[in-house]
Amino acid sequence: MKIMKVYADNAATTKMSKAAVDAMLPYLYELYGNPSSLYSLGQKSAEALQGARERIAVNLNCLPSEIYFTSGGSEADNQAVRSAALAGEKKGKNHIISTAFEHHAVLHTLKKLEEEGFEITLLDVHENGIITSEQVKSAIRPETCLVTVMYANNEIGTIQPIAEIGEVCREQKVTFHTDAVQAAGHIGVDVKRDNVDMLSMSAHKFHGPKGVGVLYVRKGVALSNLIEGGAQERGKRGGTENVAGIVAASVAFDESCKNIEQNTARILKMRERLIDGLLSVSHSILNGDRTSRLPGNVNICFEGIEGESLLLLLDAKGISGSSGSACTSGSLDPSHVLLAIGRPHEIAHGSLRLTLSEYNTDEEVDYIIKEVPKVVEYLRSMSPIWSDLQEGKKSYVIQ
Ligand SMILES: *Cc1c(COP(=O)(O)O)cnc(C)c1O
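Rules of the game
Residues numbered from 1 in each chain as written. Predicted model: local features only at pLDDT ≥ 70, side-chain atom pairs only at ≥ 80, totals over all residues. Heavy atoms only, no water. Near = heavy atom within 4 Å. Polar contact = N/O pair within 3.5 Å; in protein donor to acceptor, adjacent residues only side chain to side chain. Helix = DSSP H or I, 4+ residues; strand = E, 2+ residues; numbered from the N terminus. Nonpolar A, V, L, I, M, F, W, Y, C, P; charged D, E, K, R; others polar. Patch = residues over 30% accessible without salt bridge, like charges linked within 9 Å, V, L, I, M, F, W, Y side chains within 5 Å. Areas by Shrake-Rupley, 256 points an atom, 1.4 Å probe, with all protein chains shown as cover. Salt bridge = Lys/Arg side-chain N within 4 Å of Asp/Glu carboxyl O. Lys, Arg positive; Asp, Glu negative; His and termini not counted. Charge placed at Lys NZ, Arg CZ, Asp CG, Glu CD. Domains from an automatic or database assignment. Buried area = accessible area lost by both parts, 1.4 Å probe. Axes fitted to C-alpha atoms, helices over the stretch in contact; angles between N-to-C directions. Parallel < 35°, antiparallel > 145°, perpendicular 65-115°, else oblique. Left-handed = near helix turned anticlockwise from the far one by under 90°. Contact = heavy atoms within 4.5 Å. Buried < 20%, exposed > 50% of the residue type's maximum accessible area, 1.4 Å probe, protein only. Pairing = 2+ DSSP bridges. Right-handed = clockwise from strand over helix to strand, strands pointing away. Phe/Tyr/Trp six-rings, centres within 6.5 Å; stacked < 30°, edge-to-face > 60°. Lys NZ or Arg CZ within 6 Å of the ring centre and 35° of its normal.

Caption draft 1: Broad picture of the site of the ligand. Around the ligand, the structure places 13 residues, and the nearest of them are Ser-74, Asp-179, Gln-182, Ser-202 and Lys-205. In this structure, Ser-74 approaches the ligand through a side-chain N or O atom, which is 2.7 Å from an oxygen atom. Side-chain polar atom of His-204 to an oxygen atom of the ligand: 2.9 Å apart, as the coordinates give it. Among the elements that make up the shell around the ligand, the one with the highest residue count is helix α3 (residues 73–90) (three residues). In the shell around the ligand, the residues fall into two nonpolar, eight polar and three charged.

Here is the structure:
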């Protein structure tokens, strides 16, 4: 059997683009000055940082002074949520609204804040993986200081009505943050159109380097520090800047934004074919809305199997995918996202997430469509649960 190498875990991380790597190298070799230094070598780094800030701002439709660089999406989420909580506390407001299927960078920060005395409302997610602005509206109270809703979900790829939710928050004068780590560079994001006050993104999710995050904070919205130190990032994030990484992040973002239409058209075709191909397996179901969905996201539950075993066998066939999120794999708990959309435990364990990028090919999709059903069939042939289902001792959850 010919083994093909297929990377289909682009929601976990992406390969860097050549343009991003090329943009990074001079700042690792020759132009290594500290941007805070006054001599010209340092000033070249400072200029590069400013250029990167402008490149990102143009693509988000904001001011360069509204961009803060962080060590990644997680830090950006932590800083945004904590800042809004602190600003709320100062005004005697201690209620925060979010959703049950956020990334752990948001959920675990909220958990900490709850222990510190904040009241947290996690909105239920509809079975299609989408929450509505009406849900947000009816959860807002006079003491609400923050609404944080992710732009697109990292496991099931569903896209939320961010502009509408933002409008509700604006009307009610509540700060609105969105974790746009999965959306930025993949679907058009515009902070003005989307009515957001704070937005997080992460370079390694759009072919930039790991360890570079961006936090957009609208002018006039309070931002406090997570990391104390020097005057970098206008005093809001101490520490010598990751110049090479930041330059590469800005180039990768610019490249992704410029190519969104062209990439989306190709990736969507591959995704649709992949979904149809995998749903031809009996007792399988797509997780998350099929239309309001990131172009590259496929997430399917197969009844009667374990996602972890499926991944290992697929790896042996050269296919890299995921089950649940990268952060939770290793634990035996089913994905909190699949539970949030109402999938019962027994089928939430049997999920497979495949996420495509513009670097994937039609041949790779063909290969996945050929190999996954074989592996599922093999696992079912060894599964006691599957034989119970087949013999009618248990009933199928997925018809
Ligand atoms: C990957 C991811 C993060 C974390 O970003 P890092 O840069 O890896 O810290 C946060 N939120 C979402 C939705 C993500 O997909």
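Caption draft 2: Representation of a negative patch on the surface within the structure. Together, Glu-134, Glu-164, Glu-167 and Glu-171 line one region of the surface with negative charge. Counting residues per element, the negative patch draws most heavily on helix α6 (residues 162–172), at three residues. Tracing the sequence through the fold places Glu-167 in helix α6.

Caption draft 3: Just the domain arrangement of the protein chain, in detail. Segmenting the protein chain into domains produces domain 1 (6–14 + 260–390) and domain 2 (18–258). A straight line from the C-alpha centre of domain 1 to that of domain 2 covers 28 Å. For the pairing of domain 1 and domain 2, the buried interface totals around 2600 Å² over both sides, and the portion due to carbon and sulfur atoms is 53%. Among the residues of domain 1 in contact with domain 2, Thr-14, Ile-260 and Leu-294 are the three that bury the most area, contributing 25% of the side total. At the boundary of domain 1 with domain 2, the tally comes to one salt bridge. Linking Arg-343 and Glu-127 is a salt bridge whose minimum nitrogen-to-oxygen distance equals 3.2 Å. Those elements giving two or more residues to the side of domain 1 that touches domain 2 turn out to be α8 (260–279), β10 (297–302) and α10 (336–340). Top element by residues in the side of domain 1 that touches domain 2 is α10. It accounts for four residues. Here the residues of the side of domain 1 that touches domain 2 sort into 11 nonpolar, 15 polar and five charged.

Caption draft 4: Representation of the packing of helix α9 (residues 307–316) against helix α12 (residues 362–382) in the model. Packing of α9 against α12 brings their axes to within 10 Å, and their N-to-C directions diverge by 130 degrees. One way to sum up the angle between α9 and α12 is to call them oblique. Judged by the twist between their axes, the crossing of α9 over α12 is right-handed. Along its contact with α9, which presents Ser-309, Leu-310, Leu-313 and Leu-314, the element α12 presents Val-372, Val-375, Val-376, Tyr-378 and Leu-379. Residues of the contact of α9 with α12, tallied by class, amount to eight nonpolar, one polar and no charged.

Caption draft 5: Expanded view of the pairing of strand β12 (residues 351–355). Counting buried positions along β12 yields five of five residues, so the element is predominantly enclosed. Here β10 pairs with β12 via five bridges, running antiparallel. Bridge assignment links Val-298 to a residue of β12, and that residue is Leu-354.

Caption draft 6: Highlighting the pairing of strand β5 (residues 144–148). Here β5 lies mainly inside the structure; five of its five residues are buried. Pairing of strand β3 (residues 95–99) with β5 involves three bridges; the strand directions are parallel. For Ile-96, the partnering residue across the bridge sits in β5 and is Leu-146. Looking at chain direction, β5 and strand β6 (residues 175–179) are connected through three bridges and run parallel. For Leu-146, the partnering residue across the bridge sits in β6 and is Thr-175. Note on the crossover from β5 through α6 to β6: the handedness is right-handed.

Caption draft 7: The sheet that holds β12, seen in detail. The strand order across the open sheet formed by three strands is β9-β10-β12, and the pairing between neighbours is antiparallel. Strand pairing shows two members of the sheet lacking a second neighbour, β9 (284–286) and β12, which therefore form its edges. Strand-to-strand twist in this sheet, taken as the mean axis angle between neighbours without regard to direction, amounts to 25 degrees. Sheet analysis places β9 next to β10, joined by three bridges and oriented antiparallel. Counted as the bridge partner of Ser-284 is Phe-302 from β10. Together, β9, β10 and β12 form the strand contacts of α8, whose direction differs from that of β10 by roughly 5 degrees.

Caption draft 8: How the structure looks around the packing of aromatic side chains. Going through the model one piece at a time under the given rule, you end up with two aromatic pairs. Look at Phe-206 and Phe-253: their rings are 5.1 Å apart centre to centre, the planes differ by 45 degrees, and that puts the pair in the tilted class. One end of the pair, Phe-206, is in the loop between β7 (198–202) and β8 (213–217); the other, Phe-253, is in helix α7 (residues 243–258), and 47 residues separate them in sequence. The aromatic ring of Tyr-359 is capped on one face by Lys-15, whose charged end is 6.0 Å from the ring centroid. The ring of Tyr-68 has Arg-234 sitting right over it, with the charged end atom 4.2 Å from the ring centre.

Caption draft 9: How the structure looks around the packing of α8 against α12. Where α8 meets α12, the closest approach of the two axes is 9 Å, and the angle between their N-to-C directions is 10 degrees. Taken as axis vectors, α8 and α12 run roughly parallel relative to one another. Of the two elements, α8 crosses α12, and the hand of that crossing is right-handed. Side by side, α8 and α12 meet where Met-270, Arg-273, Leu-274, Gly-277 and Leu-278 of the first sit next to Asp-362, Val-365, Asp-366, Ile-368, Ile-369 and Val-372 of the second. Residues that form the contact of α8 with α12 fall into these classes: seven nonpolar, one polar and three charged.

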